[in-house]
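Reading the structure
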Amino acid sequence: MLTHLRCWRCRRTYPWRRLINLCDCGMPLRAEFELDPQTLPKEALRDREPTLWRYKEVLPPVPPVSLGEGMTPLLPAPRLGRRWYVKDEAQNPTGSFKSRGMTTAVAVALHLGADVLAAPSQGNAAGALAAYAARAGLPTHVFMPTDTPQPCIQECEQYGADVTLVDGLIGDCAAEMRRRMNEKPGPGAWFDLSTLKEPYRVEGKKTMGYELAEQMDWHLPDVIIYPTGGGTGLIGMWKAFKEMKSLGWIGDERPKMVAVQAQNCAPIVRAFEAGAEFAEEFPNPETIAAGLRVPSAIGDFIMLQVLRESKGTAVAVSDDELLACSIEMTRTTGVHACPEGGATLAAARRLRECDFIKDSDTVVLFNTASGLKYLDVLSETGARQHA
Ligand SMILES: Cc1ncc(COP(=O)(O)O)c(C=O)c1O
Ligand SMILES: [Zn+2]
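Since we're looking at a predicted model, the values are computed, not measured. (Residues numbered from 1 in each chain as written. Chains lettered and ligands numbered in written order. Predicted model: local features only at pLDDT ≥ 70, side-chain atom pairs only at ≥ 80, totals over all residues. Heavy atoms only, no water.)

Notes on the overall build of the chain
Summing up its helical and strand segments, the chain has 12 helices and 13 strands in all. The C-alpha atoms of the chain give 19 Å as radius of gyration, which agrees with the globular expectation for 387 residues (21 Å, within 12%). Based on the C-alpha atoms only, the size of the chain along its principal axes is roughly 55 × 50 × 40 Å. For the chain, the proportion of its 387 residues judged to be buried stands at 60%. (Helix = DSSP H or I, 4+ residues; strand = E, 2+ residues; numbered from the N terminus. Rg over C-alpha atoms; globule rule 2.2 N^0.38 Å. Buried < 20%, exposed > 50% of the residue type's maximum accessible area, 1.4 Å probe, protein only.)

And the structure:
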């Protein structure tokens, strides 16, 4: 049962039944649950619907705003590695794992009385927000960089969102959103659903961890490789593993969590290597993988804690490597990989070479979105490889 919210940093607590963004100290809030083995015996899952709302006892207790998200396939990828798998998040309703965070965040916002929703995004989060806002019947404003993949921009428009393109990075989009929000205090005010600036996108994302355990018969993999921007997936899965231990579903075993970033936008990799608690903003960020173009993240210290606690690591790969690997993943698994998904394969290769990944390890690569959203970028790479 959800009991309250707690600051990830200063541990101050807040009631959950009112709309809230950050702690007074400016840091993200975490949803806290009272859990024990009676809360949800895992046998109860057997007859439940194949969406992430099957885990409703560990999600916010509000009516779902659902499009059938979650329970994505975990596909063996024997042509890549002996016990390697791809978790194909492209099969979510908006073609990316961002559906997971938005189904829960929009459901709570609607339940607690938000009138209008807003978020800055690299593309996929905006598409998901636009879809779930349409489902909820709430107006929404999304802010994206002008170089966001066209399909992401177009889907937002088609779902009926108000789209603003900003000539800059995601931080500039957030600044423009805040400027416009401040013009609208009082009734009709916009509720900010930016990554980790409200507590419930992480709750939806954590279900990737629950699903992995359920799909692997309650054993977790040895290594999880995840393309990291704002970090909600990484943070959410680690939270899920702790919760599943309280539920009596798993023991103390934990996967090594690996964050993959692009070489020219790798704030978490740099901070991890430096042993730092927080990440410095990455100067002049540049990568073809839009989801990884995140030079600074409010949840940096939480991601770094997860990587260290799990005995994981952080890897930077070049755009050439991640593009080549996304085509390779597509051709060897049948999963239409996005560039960010390709980055996980590039990192896995690197980690296998240095023996961080052993031959006997079970490894899960996350394909976080569909290649269909990146046709321009991928078709050039595919053609080049074919020539
Ligand atoms: C396809 C894709 N992969 C990965 C990411 C990074 O995800 P997170 O913010 O959970 O770290 C994004 C974020 O926009 C994305 O769109
Ligand atoms: Zn705080």
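Section: the site of ligand 1
The immediate surroundings of ligand 1 are formed by 17 residues, with N124, Y226, G229, G231 and T368 found nearest. K205 places a polar side-chain atom, nitrogen or oxygen, 3.3 Å from an oxygen atom of ligand 1. G230 is positioned with one of its backbone polar atoms (N or O) 2.9 Å from an oxygen atom of ligand 1. Contact with the protein chains covers 97% of the free accessible surface of ligand 1, which is 390 Å². Elements with a contribution of two residues or more to the shell around ligand 1: strand 10 (223–227) and helix 7 (232–246). Split by residue class, the shell around ligand 1 holds five nonpolar, nine polar and three charged. (Near = heavy atom within 4 Å. Polar contact = N/O pair within 3.5 Å; in protein donor to acceptor, adjacent residues only side chain to side chain. Areas by Shrake-Rupley, 256 points an atom, 1.4 Å probe, with all protein chains shown as cover. Nonpolar A, V, L, I, M, F, W, Y, C, P; charged D, E, K, R; others polar.)

Notes on the coordination of the zinc ion (ligand 2)
The protein atoms that coordinate the zinc ion (ligand 2) are C7 (SG), C10 (SG), C23 (SG) and C25 (SG), at distances of 2.3 Å. Accessibility expressed as a relative area gives 0% for C7, which makes it buried. (Donors = N, O, S within 2.8 Å, 3.2 Å for Na, K, Ca; no water.)

Remarks on the environment of K206
In this structure, K206 sits in the loop between helix 5 (201–205) and helix 6 (207–215). The contacts of K206, once residues within four sequence positions are left out, are F33, V58, L59, G236, M237, K239, A240 and E243. Looking at K206, its side chain comes within polar contact range of the main-chain oxygen of V58, at 2.6 Å. A polar atom in the side chain of K206 sits 2.9 Å from the side chain of E243. (Contact = heavy atoms within 4.5 Å.)

Brief notes about the sheet that holds strand 13 (residues 363–367)
The mixed open sheet is built from six strands, whose spatial order is 4-5-13-10-11-12. The open sheet has two free edges, formed respectively by strand 4 (74–76) and strand 12 (313–317), since each of these has just one partner strand. Strand-to-strand, the axes of this sheet are offset by a mean angle of 25°, without reference to chain direction. (Pairing = 2+ DSSP bridges. Axes fitted to C-alpha atoms, helices over the stretch in contact; angles between N-to-C directions.)

So, the packing of aromatic side chains
Enumeration over the complete set of coordinates arrives at eight aromatic pairs. Aromatic pair W218 and W249: ring centres 5.1 Å apart, planes at 65°, arrangement edge-to-face. Here W218 is found in the loop between helix 6 and strand 10, whereas its partner W249 is found in the loop between helix 7 and strand 11 (256–262), with 31 residues between them in sequence. By the burial criterion, W218 is buried, and W249 matches it. Following the ring pairs from residue to residue traces out a cluster consisting of Y55, Y210, W218 and W249. Sitting over the face of the ring of W8, R30 holds its NZ or CZ atom 4.6 Å from the ring centroid. (Phe/Tyr/Trp six-rings, centres within 6.5 Å; stacked < 30°, edge-to-face > 60°. Lys NZ or Arg CZ within 6 Å of the ring centre and 35° of its normal.)

Considering the packing of helix 2 (residues 124–136) against helix 3 (residues 150–159)
It is the contact of helix 2 with helix 3, at a shortest axis distance of 8 Å, that shows an interaxial angle of 15°. In terms of their interaxial angle, helix 2 and helix 3 are classed as roughly parallel. Handedness of the crossing formed by helix 2 with helix 3: left-handed. Here N124, A126, G127, A130, A131 and A134 of helix 2 come into contact with helix 3, specifically with C152, E155, C156 and Y159. Among the residues forming the contact of helix 2 with helix 3, the class breakdown is seven nonpolar, two polar and one charged. (Parallel < 35°, antiparallel > 145°, perpendicular 65-115°, else oblique. Left-handed = near helix turned anticlockwise from the far one by under 90°.)

Concerning the nonpolar core
In terms of nonpolar packing, the biggest core is built from 91 residues, with L117, M237, F241, W249 and M257 touching the most fellow members. In terms of residue count, the dominant contributor to this core is helix 2 (nine residues). Those residues in contact with M257, other than ones at most four positions away along the chain, are I224, L234, M237, W238, F241, V306, L307, S310, G312 and T313. Counting 34 residues, the second largest nonpolar core, distinct from the first, contains L80, L323, C338 and I357. (Core = buried A, V, L, I, M, F, W, Y, C linked by side-chain atoms within 4.5 Å.)

Topic: the sheet that holds strand 6 (residues 116–120)
Spatial strand order, 8-7-6-9: four strands in an open sheet with parallel pairing. The two strands at the open ends of the sheet, each matched to only one other strand, are strand 8 (162–166) and strand 9 (190–192). Averaged over all pairs of adjacent strands, the angle between their axes in this sheet comes to 25°, without regard to strand direction. Pairing of strand 6 with strand 9 involves three bridges; the strand directions are parallel. Counterpart to A118 in the pairing with strand 9 is D192.

Interpretation note: all reported values are geometric properties and have no functional meaning in isolation.
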